[in-house]
Amino acid sequence: MKQAAIIIGASSGLGRALAEAIARTGTDVIMSARAEQELQILATHLRIRYQIQAEVIPLDLATLTTATAKNYVDQCFEKMPHCSQVYITAGIIDELDKGTEAVDYLPKLMQVNCMGISYVMNACCQWLQNRSANITLISSIAAIRPRGSNIAYSASKIALEYMALGLRHHFAQSPLRIQVYRAGYMETALSTGKKLLFPVAKPERVARVLIKNRHKDTGLIYVPVFWLPLSWVLQYLPWFIFKKLKF
Amino acid sequence: MPYLIQSFDKTTTTIGSLVEPERYRDLWNLPLHKPIIARGAGLSYCAASAGNQCVSVDMRNFNRILSFDEINGIITVEAGIPAGELNNFLIGKNWVLPVLPGYPAITIGGCIGFNVHGKSQYKVGTFINWVKSITLFHPDTGLQTCTPDTELFQLTVGGMGLTGIIISATIALKKIDGNLMSIQAMKVPEIQTAVEVMATKAEEYDYIYAWNNFNLRGKHFGKGIVYLENHLPDRKELNPKPYINKLNRFKKIPVLYNGLTVKTMNRVYELMDALQPRQRVIDLVQASFPIYNKELYYYFFGKKGFREYQVIFDLDKWQAAVAEIQKIIAQMNMPIALGSLKIFKGEPHNISFSGSGLCVTIDVPNNKKSISFFEALDKITLKYGGIINLSKDSRADANLVKHCFPHYEQFKQGIHRHDPNQYFGSEIRTRLDL
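Structural notes, computed from the coordinates.

Calculation rules
Residues numbered from 1 in each chain as written. Chains lettered and ligands numbered in written order. Predicted model: local features only at pLDDT ≥ 70, side-chain atom pairs only at ≥ 80, totals over all residues. Heavy atoms only, no water. Helix = DSSP H or I, 4+ residues; strand = E, 2+ residues; numbered from the N terminus. Rg over C-alpha atoms; globule rule 2.2 N^0.38 Å. Buried < 20%, exposed > 50% of the residue type's maximum accessible area, 1.4 Å probe, protein only. Contact = heavy atoms within 4.5 Å. Areas by Shrake-Rupley, 256 points an atom, 1.4 Å probe, with all protein chains shown as cover. Lys, Arg positive; Asp, Glu negative; His and termini not counted. Charge placed at Lys NZ, Arg CZ, Asp CG, Glu CD. Disulfide = S-S within 2.5 Å. Salt bridge = Lys/Arg side-chain N within 4 Å of Asp/Glu carboxyl O. Polar contact = N/O pair within 3.5 Å; in protein donor to acceptor, adjacent residues only side chain to side chain. Phe/Tyr/Trp six-rings, centres within 6.5 Å; stacked < 30°, edge-to-face > 60°. Lys NZ or Arg CZ within 6 Å of the ring centre and 35° of its normal. Expected span 1.5 Å × (residues − 1). Pairing = 2+ DSSP bridges. Axes fitted to C-alpha atoms, helices over the stretch in contact; angles between N-to-C directions. Patch = residues over 30% accessible without salt bridge, like charges linked within 9 Å, V, L, I, M, F, W, Y side chains within 5 Å. Parallel < 35°, antiparallel > 145°, perpendicular 65-115°, else oblique. Left-handed = near helix turned anticlockwise from the far one by under 90°. Nonpolar A, V, L, I, M, F, W, Y, C, P; charged D, E, K, R; others polar.

## Topic: the overall build of chain B
- Assigned secondary structure in chain B consists of 14 helices and 19 strands.
- Scaling as 2.2 N^0.38, a compact globule of 434 residues should have a C-alpha radius of gyration of about 22 Å, and chain B matches this with 21 Å.
- For chain B, the C-alpha atoms occupy an extent of roughly 60 × 50 × 40 Å along the three principal directions.
- Burial analysis of chain B (434 residues in total) assigns 61% to the buried set.
- Considering only residue pairs separated by 6 or more positions, chain B has 73% of its internal contacts joining residues 24 or more positions apart.
- By element, 54% of the accessible surface of chain B is carried by carbon and sulfur atoms, the whole surface being about 17300 Å².
- Both charge centroids of chain B, one from 48 positive and one from 39 negative side chains, sit 7 Å from each other.

Dropping the structure here:
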């Protein structure tokens, strides 16, 4: 049976790699992000390359409310009622998010990274709760332990993770699977030309892992997997050492 | 942050920076306080997509198919799409890129930037013959599309990225009936026979090229194999796997090529080929890029790298030129890792590698001797009016290029007309005084 997936944040990085990897499996896609022109170009490419149905529904998480989120999700499922996969990779960071006095960025960052995504996730659950489906949320290794930079970003991600994992528990008896991935450094525009402490993963490789695992009832997973032992170290590092780390 | 980029032949290292636009809007935010230059797979043998104090703009996110006219064989793609990936898609639709570069990871932007040739040069020419239009980004003019009747187009193809960033291109394709190729591997006792076979059979075959052993002395110089390949109408089920760029791995392998090992390697290649049937059929995916899966050849040059010399001599001058090359190789006792020949047909174009005649390729390990050897080859090139391939050459200077290419000044002036503020710059631009 023909399958379909919704990808939120499909205009760049992991989201775009996911769209390509999912389309390669013959699955139809609905792609959402703010950058409509980019998505239209990608949709054309996927239609030509993989002979699938590729649709674009623009979405701005910064202005989303419960009502507009519901409308958006309804629109997606009306376009592709056979949809059974949802991938949410969207998120923003802010350069000022390192303990500076001005925190004007805070409402937007929280809205996009936590509130907006939560609205969408909730609305998707209502459509998918009786289907063998997956909602896959991409979080970040920034959520491992709070630190002195990307402070609000980490907070938004941990709040989002709790939301997703709470929903997972709520829908534990349903065939719906809600998965959370803590993604490590990835080879994207943000990491290009920078020297990072740990290896960067190719978005295409991470996308393949996500697709492969979509049938599994997993909770919180690290990708690439070497971040799991690293997370233990970071988590349990005594404060007197951790406070000296600059990263 | 300073970013080190090495030319593919490993002889040039530049310190610049790297940015990777993901969206069209990112193009308008490129840093312009330093010269910028587009970068694809980074497989030019010279540092064409990098330079000291330059910003390399990695365009590989611009890798989508924008339109495809399956009936007339016209495709529009973004410049960062790898030629191998695009070709595999097209094979499934009974079309191919008429001109394919040497390695699948090379991007379409790279193919245009150096007006590349393939194994089919005699029949289909160079990349410029198949490009219908190009969309370029320039900070002054934004996105603009140019067609072959414009100066901008003519300067951009083979223009090494100095007219702007190639964003997308419309390319005419070649129709195929099947996805298999017949290969006839014909042994030749020396170079004269190789060239005669190639010259007489060039019209009959789609791809024609030769591997030659330039380490042999005397009458056996250039003994080797001429490959004669034709598309077949037959089909078989193909499920091509995505190509993986294996060319930048194992950077720390020590140099394994020297006078002895190079001779042995050439002999081993000859013996391995002898084990295969003279006439064989292989699928088009495999036939498109003979070097794919044979990347060890490059690793064995070690971290010092290698140098390649590629030159076209007129068919009425090649014998005298090659005789002098043979003499120099013997005099200097130069180990030649690879010798290869192709037959070219076409018109010279700006400072790109095109024209008519015999194309001779020579690879040597990079060391002090190789520099003197190449200087000797330069003299032969100038004496016989040869044209060198700038994409393969990390050391050719402005003086040599001025003498090699009659259109050098015209090309330089054109580049300056279209980029008066010189937003675009690279190691090759500086070295060639463009």
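## Observations regarding the overall build of chain A
- Helices and strands together make up the secondary structure of chain A, namely eight helices and seven strands.
- The globule rule puts the C-alpha radius of gyration for 247 residues at 18 Å, and the 18 Å found for chain A is close to it.
- Based on the C-alpha atoms only, the size of chain A along its principal axes is roughly 55 × 40 × 35 Å.
- By the burial criterion, 54% of the 247 residues in chain A qualify as buried.
- Put simply, of all contacts in chain A between residues at least 6 apart along the chain, 73% involve residues at least 24 apart.
- Only carbon and sulfur atoms are counted for the fraction: they give 58% of the accessible area of chain A, which is about 11700 Å².
- Here chain A holds 28 positive side-chain charges and 17 negative ones, and the gap between their average locations is 10 Å.

## Brief notes about the state of the cysteines
- By the definition in use, this model includes zero disulfides over all chains.
- A:Cys76 provides the cysteine sulfur closest to A:Cys124, a residue in no disulfide bond, and the two sulfurs are 7.0 Å apart.
- With no disulfide partner, B:Cys46 has as its closest neighbouring cysteine sulfur the one in B:Cys54, 13 Å distant.

## Digging into the interface of chain B and chain A
- Across the boundary between the two partners, chain B contributes 20 residues, which contact 21 residues of chain A.
- At the junction of chain B with chain A, the criterion picks out one salt bridge.
- Note that B:Arg64 and A:Glu38 form a salt bridge whose closest N and O atoms lie 3.5 Å from each other.
- The interface formed by chain B and chain A includes eight residue pairs in polar contact (both at pLDDT 80 or more).
- Those elements giving two or more residues to the side of chain B that touches chain A turn out to be strand S2 (13–19), helix H1 (24–27), strand S5 (65–69) and helix H2 (83–91) of chain B.
- In terms of residues, the side of chain B that touches chain A owes the most to one element, S5(B), which gives four residues.

## Some remarks on the packing of aromatic side chains
Residue and element names in this part refer to chain B.
- In this structure the tally under the stated criterion is 18 aromatic pairs over all chains.
- Ring geometry for Trp-211 against Tyr-269: centres 4.7 Å apart, planes inclined by 45°, an arrangement best described as tilted. With Trp-211 in strand S13 (residues 207–213) and Tyr-269 in helix H7 (residues 259–274), this residue pair connects regions lying 58 residues apart in the sequence.
- Residue classification places Trp-211 among the buried residues on the basis of a relative accessible area of 6%.
- Aromatic side chains Tyr-309 and Phe-374 sit 5.2 Å apart centroid to centroid with 80° between the ring planes, which places their arrangement in the edge-to-face category. Placement of the pair is Tyr-309 in strand S16 (residues 306–313) and Phe-374 in helix H11 (residues 368–383), with a sequence separation of 65 residues. The same class applies to Tyr-309 as to Phe-374, namely buried.
- We note Lys-345 situated over the ring of Tyr-122; from NZ or CZ to the ring centre the distance is 4.5 Å.

## Notes on helix H5 (residues 151–170) of chain A
All names here are of chain A.
- Between its first and last C-alpha, H5 extends 29 Å over 20 residues, near the 28 Å set by a 1.5 Å rise per residue.
- Residues of H5 that are buried: Ala-152, Tyr-153, Ser-154, Ser-156, Lys-157, Leu-160, Glu-161, Ala-164 and Leu-167.
- In this structure, the buried residues of H5 make contact with helix H4 (106–128), strand S5 (134–140), strand S6 (177–183) and strand S7 (220–223).

## Notes on the sheet that holds strand S8 (residues 131–138) of chain B
- Judged by pairing direction, the sheet is antiparallel, and its five strands sit side by side in the order S5-S6-S10-S8-S9 (chain B) without closing on themselves. Strands at the two margins of the open sheet, each flanked by one partner only, are S5 and strand S9 (142–146) of chain B. When the angles between neighbouring strand axes are averaged without regard to direction, this sheet yields 10°.
- As paired strands, S5(B) and strand S6 (residues 74–78) of chain B are joined by four bridges and run antiparallel to one another. When the sheet's bridge partners are listed, B:Ser67 is paired in S6(B) with B:Thr76.
- Together, S5 and S6 of chain B form the strand contacts of helix H2 (residues 36–50) of chain A, whose direction differs from that of S5(B) by roughly 40°.

## Points about the environment of B:Phe137
Residue and element names in this part refer to chain B.
- Topologically, Phe-137 is positioned in strand S8.
- Note on Phe-137: relative accessible area 2%, which makes it buried.
- Residues Phe-137 and Tyr-24, spaced 113 residues apart in sequence, show a C-alpha to C-alpha distance of 9.9 Å.
- If we ignore the near neighbours within four places in the chain, the residues touching Phe-137 are Leu-27, Trp-28, Leu-30, Gly-142, Leu-143, Gly-164, Ile-165, Ile-167 and Phe-424.

## Some details on a nonpolar patch on the surface
Residues and elements named next belong to chain A.
- Together, Val-225, Leu-228, Trp-232 and Tyr-236 make up an exposed nonpolar region whose accessible area comes to about 470 Å².
- Along the chain, Val-225 falls in the loop between S7 and helix H7 (227–236).
- By relative accessible area, Val-225 is classed as exposed at 63%.

## Some thoughts on the pattern of salt bridges
- Evaluated as defined, the whole model comprises 24 salt bridges over all chains.
- Here B:Glu270 ties to B:Lys223 by a salt bridge, and the two come within 3.2 Å at their closest N and O atoms. One end of the pair, B:Glu270, is in helix H7; the other, B:Lys223, is in strand S14 (residues 223–232), and 47 residues separate them in sequence.
- With a shortest N-O distance of 2.6 Å, B:Asp378 and B:Arg395 are connected by a salt bridge. Pair noted here: B:Asp378 is in helix H11 and B:Arg395 is in the loop between strand S19 (387–388) and helix H12 (398–404), with a separation of 17 residues, a long-range link.
- Taken together, the shared-partner salt bridges in this structure form one network comprising A:Glu38, B:Arg64 and B:Glu78.

## Points about the packing of H4(A) against H5(A)
Residue and element names in this part refer to chain A.
- At a minimum axis separation of 9 Å, H4 and H5 run at an interaxial angle of 15°. Taken together, the axis directions place H4 and H5 in an arrangement best described as roughly parallel. Two packed elements cross with a definite hand, and for H4 against H5 that hand is right-handed. Residue-level contacts link Leu-106, Leu-109, Met-110, Asn-113, Cys-114, Ile-117, Ser-118, Met-121, Asn-122 and Cys-125 of H4 to Ala-152, Tyr-153, Ala-155, Ser-156, Ala-159, Leu-160, Met-163, Ala-164 and Leu-167 of H5.
- Of the residues contributing to the contact of H4 with H5, the split by class is 15 nonpolar, four polar and no charged.

## Side note on the environment of B:Ile183
Residue and element names in this part refer to chain B.
- Summarising the element assignment, Ile-183 is placed in strand S12 (residues 180–188).
- On the basis of relative accessibility, which here comes to 4%, the residue Ile-183 falls in the buried class.
- Taking the C-alpha atoms as reference points, Ile-183 and Asn-230, separated by 47 residues in sequence, lie 6.8 Å from one another.
- Each residue touching Ile-183, except ones within four places of it in the same chain, is listed here: Tyr-227, Leu-228, Glu-229, Arg-278, Gln-279, Arg-280 and Ile-282.

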